[in-house]
Amino acid sequence: MPDLTSAIRVFVVEDEALIAMELADRLIALGHVVCGHASRGEQALARVPVARPDVILMDINLGRGPNGIDVAELLRPIWAAPVVFLSAYTDAEISERVTRHGASAYLVKPFRPEALDTAIRAVVSARPGDGASG
Amino acid sequence: VSLVLPPTEDHRADPLGDLLEDAPVILLWLDLDGRIERANAFLAQLTGWSLGELCGVDWFDALLPACDRETARAAFRSGVTASTTRDRVDAIVTRDGREREIEWHDRLRLDSAGTPMGVLSVGVDVTDRVKAEQALRLRQSELERSQEQLAERWETERALFESRQRFEMLVSVSPVGVFQTDAYGHRTFVNPRWCEIAGLTPEQAVGDGWRAAPHSDDRDRVVATWARIVSEGLPFREEYRFIRPDGSVTWVLGQAVPYRGSAGEIVGYIGTTTDITERKRIEDDLADAQTRVLRAEALAHVGSWAWNVTTGEMRWSPEMYRIYGVDPVEHPRPASDLALSHVHPDDLVVATGLRSGLLASGHLDLVELRVVRSDGEVRTVRSEAQLSRRDGVLYGFAQDVTDLRRTERELRRTRDLLLRVVDSSPDWIYAKDLEHRYLLVNEAFSRARGLSPSQMVGHSDTEFWTPEECEGDPVAGTRGFHEDDRAAAADQRVHRDNLVIVVGGAPRVLDTYKAPLQDEHGRPYGVLAYTRDVTHERHAAAELERSLGEKETLLREIHHRVKNNLQIVSSLLYFQSKKVRSAADAEAFSEARTRLLAMTLVHEKLYQSLELSRVEIGDYVRSLVAALSQTFDAGDRVRVDVHADELRLPLDVALPCGMIVCELTTNALKYAFPPPRTGHTTVTVRSVADGVMLTVEDDGVGFPVGFDPLAVVSFGWILVGKLCEQLGGTVVARSDRGAHVRVDFPCPTLRPRYASSSSRTRP
C-alpha cells in the first residue's frame, strides 16, 4: 500500500479550463500534486512524459480530436501510468474499453471527492513502481 | 224341160234358144218391177221350184235370203234407172232352204225406142267353187296361225330360258342379297350374298329362320312390318340392322314386292337386302360433319349460303339468320336479295356493285360491309363467295366481325396509349430480345443516343455503346449489360444503381431496372428495361447529405458546448461556494450544482443521440439517477431502480421531466432513509394513453403527516409544481409504506419507437 502521506503526482487531461481548475483544486485539497495539465490529446502526449505523473486523470470527452481512451492508448507506450477516466455518463462500450485498458478506474461525473481519492489511490497501489520506472 | 217365154215374144223354135234352155246356167228375165218374166229350166232344177211357180213372182221375195233382199232390190232399181249392168256373186235360196252362190252377169234390155223393158241376167252356180275357195282359205289361215303360234312359243321359251338363266346368274353374283318367299312370307330361297350379309347359312335362313338376323333393337319392328305387309299384299321397304354371330353389325335396306300367278293371286315375294352400312356411316358422318359445321359457324360467327342462280333457290345456314337478325321461320326460303336489303344505306351502292360483279365473274373477294339487322343493330359483316363449277351454285360465307373489329380497335387504342405513355416518359424505356437486339425503344432513349427509335429497333446494343462509354460499368462495355439481361431473363429482378455511363460526351449516373419478358408459356424471350438518369438527383442528394451532415455536426457542437458551459457554470459555483461561510449556503450551492447536473446530462444525451432533437428517456434517467446516487454517496444504503419504457422525448419535455426526477430522487436519497435505514427507490417512466406517467417511490420513512406537496414552501417542491405545470401535467404525492409521487403529463407527439418504425411503409 502506498504511503498515505506521500503525495501522488496527478496529470489532468481536461479540455475545459475551469473544470480542469476545479479538478486540480479538489486534488490539491485531497493532498495530491497536480504535476501537469493538458486540454487536448496532442498536448497530453507531449506533456505527460515530461511531467512524469503517477496517475493520469483523463476526461473521456475531449471535444474535437481523439477521445480520452484513444489518448490513453497512445500514451501507454510513452508513459505507462495508470489512468482514471472521467465521464459524464455510463456507457457499456466505454466501460468495456476502460476495463481492457488494465489498471484503470472509471468515474462517472459528478463524483464525490472521496470517490476520486479512492480511485486514484486504488490504481496507483495496484501498479506500484510503474510511475517511477516509466 | 219346158221354157216359159213371155207371151209377147216370138215363140219360134230356135236352136240357140234350146241350148240356152238346157245349158247349166241360169237365164233370167226380170221386168222393171223385179218380177220374173221368164227363166230357164236350170233355174227350176236348181231351186226346186217349177217354172210355172216361178213365173210372175217377185224375184227378190221368192229367191233371195231375207238379209240380202232389200239391198239387192235397191241395187236393182238404181241399176234399172241408171241403165247400168253389174257382175257379182249373190246367194239364192232353194225351195228346201239351201243357199246357192250364183255369179251374175246382168244386161239391161231396151226396146227399139231405147226405153228399158227389163233386165236379162245370166247366172252361173259357183257354189262349189266358192266353198272350195273358202275351205282353201280357211286351211291356209289355219296353217299360218299355227306357224305363228309355233314361232311365238319357241321365242317365249327361249326368252324364258334366257331370263331364268340370267336371273340365276345375276342372283348368284348379285352384290345385294336376294330372297324369295312363298305367299305366306316364308323364305324359300336366299342367295349367297344374303347369307353373307346376314351371317346365316341358306339352311338357317329358310322358313322363319331369317328372323335371327335382325339386330335385337330392330327385330320386333321388322318382323311385325313383314307380317303386316304379307297379310295386306303390300310391298316391303325397311331400314334396319343385321347382327352377325361374330357380333358385327350391318345396316341393311330390305325391299320386297309380291309376284302374282296367272290369275292375279300373290304366289310369293321376291326381295333384296342391301348392305347400307357404308351409306349409313357416310350419312352419320355427314350428319356429324353438318353438326360440327353448324357449331363451328355459330362459334366463329360464320354463316354460309348457297344460291342457285338458275332456279333462284337460296339457302341460308342458321348462323346467317343470326348474323342478319332474320327470323328463319319467317324466311324459310330467303329471297335472293334478302341479304342486300339488310346492307347499311351508306354501303348499298358498293354492295350492289359487288353483287353484279359476283354474278358476272362468279367470284367475290373478301369484303366488309355494314349490315343493319332486323332489330336495328349495325354489325360489320365480312363476306366472300365463289361459283361452284361442279353444280353451278354460288356458295358464300358471311362472318360477323363486329366484335373482332371492336376488339382490334380497342387493342390498337390501348397499344397507342401504351406507346404514348412509354414515349412521353423522360426515363429510358426499352426492351431487348435474348440476342440483345432492341425490340422497343422509347423517344427519351433514342434521343439520348441522337437517333430515332426506328434506327435502333432490330439492332444489337453493341452497335450503340462502346467500352469507353461504359467504363463506369463494373464489367466493362456491353458485357455488363448482357449479364444483367441474362439475369433478368432468368427471372431475377435486376436493379443496378449508380451506373456511370458516358452519354453524349458527359458522364451520367443511371439507375436501371430490368424484368423478364415472357411468352404465354412463361418462357423468356427478352428483357424489359427502365433506366432513369439520376445524375441530378444523386448530386442533389449528395449535396443535401453533406449539408445535413454539416448541420448535424453544428448541432452536436452546440449541444456539447451547452453541456460544457453548464459544467463550467457548475465549476464556477464550486469556486463560489468555497467563499461561503455557513453550511446552509454551501448546501444551497450544492443543490444548484445537482440541478445543473440534470441539465448537463440532457445535452450530453442529445449530442450523443442520432436524432439530436429527442432523448431516450430511460437512458437519460438511468444516467441521472446513477449520478445522483454517486453525489449523495447513497450506493450502499439505497438501491435505485429505473423502469422506463422506450420513449424518445423532445428536449422541451425531457428537460423538465429530468429535473422533476432529479428533485424527487434527491428528496428520496436525502430524506427517506435516515441512517442506518436502507431501502429501495424506484423511478418509473411509462407511456400511457396520450402521455407519460412518471413515478418516484421509495420504501423509506414517507412524508410527514399532513404533507401537501403543493402547499409546502420548499424550493424543490415549488420547482416540481412549476415544471409539472409547464408540462401541463398533474402531481400527486402520498405516503404508503414510503413516499409515492406520481406525475402525469401529456405528450401528444409521443409515439413508441417500435410503433412509429413499424407503421411506416415504403412509398
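Everything below is about the structure printed above this text.
Everything quoted here is computed from the prediction, not taken from an experiment.

## Observations regarding the overall build of chain B
(1) Moving on: Scanning chain B for helices and strands turns up 23 helices and 27 strands.
(2) Moving on: Classification of the 763 residues of chain B by burial places 39% in the buried group.
(3) Moving on: Looking at chain B alone, contacts between residues at least 24 apart form 48% of all its contacts between residues at least 6 apart.
(4) Moving on: Total accessible area computed for chain B in this model is approximately 43,500 Å², and 55% of it derives from carbon and sulfur atoms.

## With respect to the interface of chain A and chain B
(1) Moving on: Of the residues lining the interface, 21 residues belong to chain A; the matching set on chain B comes to 24 residues.
(2) Moving on: One can count three salt bridges joining chain A with chain B.
(3) Moving on: Among the ionic pairs, Glu16(A) bridges to Arg561(B), the shortest N-O distance being 2.5 Å.
(4) Moving on: Taken together, the links from chain A to chain B amount to eight residue pairs in polar contact (both at pLDDT 80 or more).
(5) Moving on: Those elements that place two or more of their residues in the side of chain A that touches chain B are helix H1 (17–30) and strand E5 (104–108) of chain A.
(6) Moving on: With six residues, H1(A) is the single largest residue contributor to the side of chain A that touches chain B.
(7) Moving on: Taken together, the residues of the side of chain A that touches chain B break down into 10 nonpolar, three polar and eight charged.

## A short note on the pairing of strand E4 (residues 83–87) of chain A
Residues and elements named next belong to chain A.
(1) Moving on: The buried fraction of E4 amounts to five of the five residues, a majority that puts the element mostly inside the structure.
(2) Moving on: Of the two faces of E4, the one lined by Val83, Phe85 and Ser87 and the one lined by Val84 and Leu86 are each fully buried.
(3) Moving on: Two elements, strand E3 (residues 55–59) and E4, share four bridges in a ladder whose sense is parallel. Residue pairing for E4: Asp59 is matched across the bridge by Leu86.
(4) Moving on: The pairing of E4 with E5 spans five bridges and is classified as parallel. Looking at E5, one finds that Phe85 is bridged to Tyr106.

## Remarks on the nonpolar core
All names here are of chain B.
(1) Moving on: Grouped together as the largest cluster of nonpolar side chains are 50 residues, with contacts concentrated most on Ile617, Val683 and Leu694.
(2) Moving on: Among the elements that make up this core, the one with the highest residue count is helix H21 (residues 651–672) (11 residues).
(3) Moving on: In terms of nonpolar packing, the next biggest core, distinct from the first, is built from 23 residues, Leu30, Ile36, Leu46 and Val80 among them.

## Points about a nonpolar patch on the surface
Residues and elements named next belong to chain B.
(1) Moving on: A surface patch of nonpolar side chains, amounting to about 280 Å² of accessible area, comprises Leu16, Leu19 and Leu20.
(2) Moving on: Assignment of secondary structure puts Leu19 in helix H1 (residues 15–22).
(3) Moving on: For Leu19, a relative accessible area of 54% gives the class exposed.

## Some words on the pattern of salt bridges
Residues and elements named next belong to chain B.
(1) Moving on: For the coordinates displayed, the defined rule picks out 65 salt bridges over all chains.
(2) Moving on: For Asp619, the salt bridge goes to Lys605, with nearest N and O atoms at 3.5 Å. With Asp619 in helix H20 (residues 617–631) and Lys605 in helix H19 (residues 583–608), the pair connects residues that are 14 residues apart, well separated along the chain.
(3) Moving on: Several salt bridges share partner residues, and in doing so they unite Glu377, Arg379, Asp400, Asp403 and Arg406 into one network.

## A look at the packing of aromatic side chains
Residue and element names in this part refer to chain B.
(1) Moving on: With the rule as written, the count across this model stands at 18 aromatic pairs over all chains.
(2) Moving on: Through pairs of rings, three or more aromatic residues link up here, namely Phe179, Trp210, Trp226, Phe236 and Tyr269.
(3) Moving on: The residue whose ring lies beneath Arg187 is Trp226, and the NZ or CZ to ring-centre distance is 4.9 Å.
(4) Moving on: Taking NZ or CZ as reference, Lys280 lies 4.3 Å from the ring centre of Trp251, over its face.

The rules we used
- Residues numbered from 1 in each chain as written.
- Chains lettered and ligands numbered in written order.
- Predicted model: local features only at pLDDT ≥ 70, side-chain atom pairs only at ≥ 80, totals over all residues.
- Heavy atoms only, no water.
- Helix = DSSP H or I, 4+ residues; strand = E, 2+ residues; numbered from the N terminus.
- Buried < 20%, exposed > 50% of the residue type's maximum accessible area, 1.4 Å probe, protein only.
- Contact = heavy atoms within 4.5 Å.
- Areas by Shrake-Rupley, 256 points an atom, 1.4 Å probe, with all protein chains shown as cover.
- Salt bridge = Lys/Arg side-chain N within 4 Å of Asp/Glu carboxyl O.
- Polar contact = N/O pair within 3.5 Å; in protein donor to acceptor, adjacent residues only side chain to side chain.
- Nonpolar A, V, L, I, M, F, W, Y, C, P; charged D, E, K, R; others polar.
- Pairing = 2+ DSSP bridges.
- Core = buried A, V, L, I, M, F, W, Y, C linked by side-chain atoms within 4.5 Å.
- Patch = residues over 30% accessible without salt bridge, like charges linked within 9 Å, V, L, I, M, F, W, Y side chains within 5 Å.
- Phe/Tyr/Trp six-rings, centres within 6.5 Å; stacked < 30°, edge-to-face > 60°.
- Lys NZ or Arg CZ within 6 Å of the ring centre and 35° of its normal.

The values reported here are purely geometric and, on their own, carry no functional implication.
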